[in-house]
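# Examining the three-dimensional arrangement
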Amino acid sequence: MPSDEMPVSLASGRYIEGGRQNAKHFLKMPSDKMPVSFASGRCIKRERFKQMLSKNITDAMKTNSVIRAMFNEGKEMAAKIGAGNVYDFSLGNPATPAPAKVNQAIKDAVDTFDSMELHGYMSNSGYPDVRGAVADNLNRRFGTDFDFHNIIMTVGAAGGLNIILKAFIDPGDEVIAFAPYFGEYKGYVANFGGKLVEVAPDPRNFQPDLDDFEKKITERTKAVIINTPNNPTGVIYSDETMESMGAILSKKEEEYGHEIYLISDEPYRELVYDGAPVRFLTRFYHNTLVGYSFSKSLSLPGERIGYVVVPNEVTDAEDVLTGIEIANRQLGFVNAPSLIQKAVAQCLDEKTDVAYYDKNRELLYGKLSEMGFTCIRPQGAFYLWVKSPVPNEEEFVQAAKKYHILFVKGSAFACPGYVRIAYCVSYERIEKSLPAFEKLAVDFGLN
Ligand SMILES: Cc1ncc(COP(=O)(O)O)c(C=O)c1O
């Protein structure tokens, strides 16, 4: 039967235990032990033979996506008490539909392009006309000077980050990330035998702690990943932070005599509030590569579309571009999905309904603060970062479940003592959840 070692993301279905020689069939498993992501079907649990899964994946299975596990828990809760009574703030899934122009652009692409062109293989970097459209759009908005060579279309931000890391990372190389950070970075870096080095969080304002950063850069540091607006804190890194970070990196490049690449992971670039300026971060440091995604900005996470930018200022930019292009092929992405490439090229000035998220932000941040919770006011993205009223935030997460509130523990982002509440849900859902949050506040002696 499944043990604690078992991945949390398996689903219901038949389950067979005992290895090849001695298979027992289980048609139903007890739900509390049930692995969550194994779609219904038959499964044989090995007993006699050595575990053949890689160490990398075996390790990942032990901590397999806390966020997905919560999401699945929410579904189970909803099945028991009704979806209307569950306040699930666990997943960063956009809550607004894709702009109407996206659907139109998909239809137009089907109607306009020759089938062989629209569905055929292409350069591993994507369609030149689409890359050119992205470059022109960035130049117009940010005063940059790109052409299609500088752009590689990718399978979302996740695909973009992985191909960049594959291009640079040899086993043992170090990649720095600032806690709290998107938990998947660890797996991405491990894919290439790299070591993720964490910079401690600065709980005063969750800007990067640059003193700690400087100490963490070593001879083996190849790359640094940043994400602003940030998941999970909603903080935007200030110009001052970025200038100082650029200066530290330039100094360390001199000291160690090799390049250190700054990888800017930007799925939330367009999702900013209060008129915060949207920066294109290549201006702060010459060796900056950008990974962008349309997952949140156009509400298209399932379409798997984004791009990487390698500016000419990057050292050996031509080689870096070729390396990333080869990585795209070698990792099996080959090229970004063709139809949606053509569609997003028509929608580069479109964006999701930021006002929708802004309204949610004001409501949730305002009300939770009034109740006595300590919250970081989000400047961008759609997450609220809240200090746990008790040191072990797991206790807080469990207590919230009593009121059918689901949010994610900070440890999933390498920052215990906090939780992340994803407010990419409807306004009404947040309104309805407030009495439950009120009870939680009382339980923890807040107000
Ligand atoms: C910070 C961050 N980076 C990368 C990703 C992955 O984005 P995509 O769906 O475009 O691969 C996410 C998704 O939530 C994210 O929050």
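## What to know about the overall build of the chain
What the chain contains, in helices and strands, is 14 helices and 16 strands. Evaluated residue by residue, the chain yields a buried proportion of 42% over its 447 residues. In the chain, once contacts between residues fewer than 6 apart in sequence are set aside, the share between residues at least 24 apart is 74%.

## What to know about the pairing of strand S5 (residues 151–154)
Alternating residues of S5 divide into Ile151 and Met153 and Ile152 and Thr154, and every residue in both groups is buried. Where S5 meets strand S11 (residues 306–309), four bridges bridge the pair, whose relative direction is antiparallel. By the bridge assignment, Ile151 is partnered in S11 with Val309.

## A few points about the site of the ligand
Within the structure, the ligand sits among 13 residues, and Gly156, Ala157, Ala158, Ser293 and Ser295 are positioned closest to it. When residues of the shell around the ligand are assigned to their parent elements, the largest contribution, three residues, is made by helix H6 (residues 156–168). Looking at the shell around the ligand, its residues break down into five nonpolar, seven polar and one charged.

## Some words on the nonpolar core
Core analysis: the largest hydrophobic core is formed by 116 residues, its most contacted members being Ile164, Val308, Ile324, Ile421 and Tyr423. When residues of this core are sorted by domain, at least three fall in each of domain 2 (66–96 + 353–443) and domain 3 (100–345). Ignoring any residue separated from it by four or fewer positions in sequence, one finds Ile324 in contact with Ile152, Ile163, Ile164, Ala167, Val308 and Val310.

## A closer look at the environment of Tyr87
Mapping Tyr87 onto the fold places it in strand S4 (residues 87–88). Along the primary structure Tyr87 and Ala436 are separated by 349 residues, whereas in three dimensions their C-alpha atoms are 8.9 Å apart. Ignoring any residue separated from it by four or fewer positions in sequence, one finds Tyr87 in contact with His404, Ile405, Leu406, Arg429, Ser433 and Ala436.

## Section: the environment of Tyr127
Tracing the backbone shows Tyr127 in the loop between helix H4 (115–119) and helix H5 (128–142). Among the residues examined, Tyr127 registers 21 C-beta atoms within 10 Å and is labelled buried. Separated by 209 residues in sequence, Tyr127 and Ala336 place their C-alpha atoms 9.2 Å apart.

## A word on the sheet that holds strand S6 (residues 174–178)
Read across the open sheet, the seven strands follow the order S5-S11-S10-S9-S8-S6-S7; overall the sheet is mixed. Taken across any chain shown, the strands that pair with only one partner, and hence form the sheet edges, are S5 and strand S7 (195–199). Averaged over neighbouring strand pairs, the angle between their axes works out to 20 degrees when direction is ignored. Here strand S8 (residues 221–226) pairs with strand S9 (residues 261–266) via four bridges, running parallel.

## So, the sheet that holds strand S13 (residues 383–387)
If you walk across this open sheet you meet the four strands as S12-S13-S16-S15, and the pairing is antiparallel. Lying at the two open borders of the sheet, with one neighbouring strand each, are strand S12 (375–376) and strand S15 (408–409). Bridge count for S15 against strand S16 (residues 418–422) is two bridges, and the pairing is antiparallel. Each bridged residue has a counterpart across the sheet, and for Lys409 the counterpart in S16 is Val419.

## Notes on the confidence of the model for the chain
Low pLDDT marks regions whose predicted coordinates should not be analysed in detail. Here the chain averages 90 in pLDDT, while 88% of its residues score no lower than 70. Here residues 1–40 is modelled with pLDDT under 50, and outside its nearest four sequence neighbours on either side it reaches 71 contacts, counting other chains as well.

## Quick word on unusual backbone geometry
Cis geometry marks the peptide bond from Thr228 to Pro229, where omega comes out at -5 degrees. Note on placement: Pro229 falls in the loop between S8 and helix H9 (239–256). At the junction of Asn231 and Pro232, the peptide bond is cis and its omega measures out at 25 degrees in the coordinates. Along the chain, Pro232 falls in the loop between S8 and H9. Even without glycine at this site, Arg304 takes up a positive phi of about 60 degrees. Assessed through the 19 C-beta atoms surrounding it within 10 Å, Arg304 is described here as partly exposed.

## Focus: the pairing of S13
With respect to burial, S13 is a largely interior element, four of its five residues being buried. Of the pairings in the sheet, the one linking S12 to S13 comprises two bridges and is antiparallel in character. Paired with Cys375 across the bridge in S13 is Val386. Linkage of S12 to S13, two consecutive antiparallel strands, is achieved through a turn of six residues, within which Ala381 is found at a positive phi near 60 degrees. As paired strands, S13 and S16 are joined by five bridges and run antiparallel to one another. Across the sheet, the residue bridging to Val386 is Val419, located in S16.

## A few points about helix H10 (residues 317–330)
In this model H10 runs 20 Å from its N-terminal to its C-terminal C-alpha over 14 residues, within 8% of the 20 Å that 1.5 Å per residue would give. Taken together, the buried positions of H10 are occupied by Val320, Leu321, Ile324, Glu325, Ala327 and Asn328. Down the axis of H10, the smallest arc covering the buried residues is 160 degrees, so these residues share one side. Along H10, the residues that are exposed and aim more than 90 degrees away from the buried face are Glu318 and Asp319. Looking one or two residues beyond H10, the residue adopting positive phi is Gly332, at roughly 90 degrees.

Thresholds, definitions, all that
Residues numbered from 1 in each chain as written. Predicted model: local features only at pLDDT ≥ 70, side-chain atom pairs only at ≥ 80, totals over all residues. Helix = DSSP H or I, 4+ residues; strand = E, 2+ residues; numbered from the N terminus. Buried ≥ 20, exposed ≤ 12 C-beta atoms within 10 Å, placed from the backbone. Contact = placed C-beta atoms within 7 Å. Pairing = 2+ DSSP bridges. Near = placed C-beta within 6 Å. Nonpolar A, V, L, I, M, F, W, Y, C, P; charged D, E, K, R; others polar. Core = buried A, V, L, I, M, F, W, Y, C linked by C-beta atoms within 7 Å. Domains from an automatic or database assignment. Axes fitted to C-alpha atoms, helices over the stretch in contact; angles between N-to-C directions. pLDDT = per-residue confidence, 0-100. Expected span 1.5 Å × (residues − 1). Arc of directions from axis to C-beta.

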